[in-house]
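Each chain is listed here by its residues.
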Amino acid sequence: SAPKARAADDIIRAVLAARTAAWNDGDLDAFMGGYWRDPELRFIRGGTVYKGWKETMGHLRGHYGEGPTMGRLALDNLDIDLVEDDVATVAGRYRIARAGVTEVGTFTLVMKRFDGLWRIVQEHSTPETPRTN
């Protein structure tokens, strides 16, 4: 099972890299493509739970805008665990630099493979205190 796990790990890293590139291009629609497009998607930020793809899109658009206002996203310390062949968890840190402020925090993702495509079904991100650059 090691080769299968390695392949899944690489694919998941590629999905997250593509989403990061979309964010850095200011393309919220492409970024949202990494989420399960379903009313059961859960996005938890700090103390708030957003349920559904549309609600998540609305939150992100309202908080970060679209285009250049989204800033620059970087993910690091990614720790991927293949729980089952079609289910994985990802833990890591994120950093968003925008408008002179750098937001940093931690996140965990639950990802599932649907028809060969890995999608985020739940995200929980915890921002740390923003600090000025």
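In this report, we go over the structure that sits alongside the text. Residue positions are counted from 1 within each chain, in the order its sequence is given. Residues qualify for local features only when their pLDDT is at least 70, as the model is predicted, and side-chain atom pairs are given and counted only at 80 or more; totals for whole chains, interfaces and linings, by contrast, use all residues. Side-chain figures throughout are based on the complete set of non-hydrogen atoms in the structure, without hydrogens or water.

**Remarks on the overall build of the chain**
Next, step 1: Counting its regular elements, the chain contains 3 helices and 7 strands.
Next, step 2: A run of H or I in DSSP counts as a helix once it spans at least four residues, and a run of E counts as a strand once it spans at least two, with each numbered from the N terminus. Secondary structure elements of the chain occur, N-terminal to C-terminal, as α-α-β-β-α-β-β-β-β-β.
Next, step 3: Its C-alpha atoms give the chain a radius of gyration of 15 Å, near enough to 14 Å, the size a compact globule of 133 residues would have.
Next, step 4: It only takes one pair of heavy atoms within 4.5 Å for two residues to be counted as in contact. Here the analysis covers contacts within the chain between residues at least 6 apart in sequence; of these, 50% occur between residues at least 24 apart. Each radius of gyration reported is based on C-alpha atoms, and the globular scaling rule is 2.2 Å times the count of residues to the power 0.38.

**Quick word on the pairing of strand E6 (residues 117–127)**
Next, step 1: When DSSP finds two or more bridges between two strands, those strands count as paired. Pairing of strand E1 (residues 42–45) with E6, which is carried by 4 bridges, proceeds in the parallel orientation. By the bridge assignment, Arg-42 is partnered in E6 with Gln-122.
Next, step 2: Sheet topology places strand E5 (residues 101–114) next to E6; 10 bridges connect them, and they run antiparallel. Each residue of the ladder has a partner; that of Thr-106, found in E6, is Thr-126.
Next, step 3: Adjacent in sequence and paired antiparallel, E5 and E6 are bridged by 2 residues, among which Asp-115 carries a positive phi angle near 50°.

**Describing unusual backbone geometry**
Next, step 1: Within the chain, Ala-99 stands out as a residue other than glycine whose phi angle is a positive 50°.
Next, step 2: Looking at the element boundaries, Ala-99 is found in the loop between strand E4 (87–98) and E5.
Next, step 3: Exposure remark for Ala-99: the relative accessible area of 83% places this residue in the exposed category.
Next, step 4: A positive phi is found at Asp-115, a non-glycine position, where the angle reads about 50°.
Next, step 5: For Asp-115, the position within the fold is in the loop between E5 and E6. Note on exposure labels: buried denotes an accessible area under 20% of the residue type's maximum, exposed denotes more than 50%, and partly exposed covers the range between, all computed with a 1.4 Å probe on protein chains only.

**Describing the packing of aromatic side chains**
Next, step 1: We call Phe, Tyr and Trp rings a pair once their centres come within 6.5 Å, taking the six-membered ring for Trp, and we label the pair stacked below 30 degrees between planes, edge-to-face above 60, and tilted otherwise. With the rule as written, the count across this model stands at 6 aromatic pairs.
Next, step 2: Seen in terms of ring centroids, Trp-23 and Phe-31 are 4.9 Å apart; in terms of plane orientation they differ by 70°. Their pairing is edge-to-face.
Next, step 3: Ring centres of Trp-23 and Tyr-64 lie 5.0 Å apart, and the angle between their planes is 75°; this geometry places the pair in the edge-to-face category. Taken together, the residues span a long stretch of sequence, with Trp-23 in helix H1 (residues 2–24) and Tyr-64 in helix H3 (residues 53–64) at a distance of 41 residues. Each member of the pair, Trp-23 as well as Tyr-64, is classed as buried.
Next, step 4: Taken together, the aromatic side chains of Trp-23, Phe-31, Tyr-35, Phe-43, Tyr-50 and Tyr-64 make up a single cluster linked through ring pairs.
Next, step 5: Whether a charge sits over a ring comes down to the Lys NZ or Arg CZ being within 6 Å of the ring centre and within 35 degrees of the ring normal. Above the plane of the ring of Tyr-35 lies Arg-19, whose end atom (NZ or CZ) is 4.4 Å from the centre.

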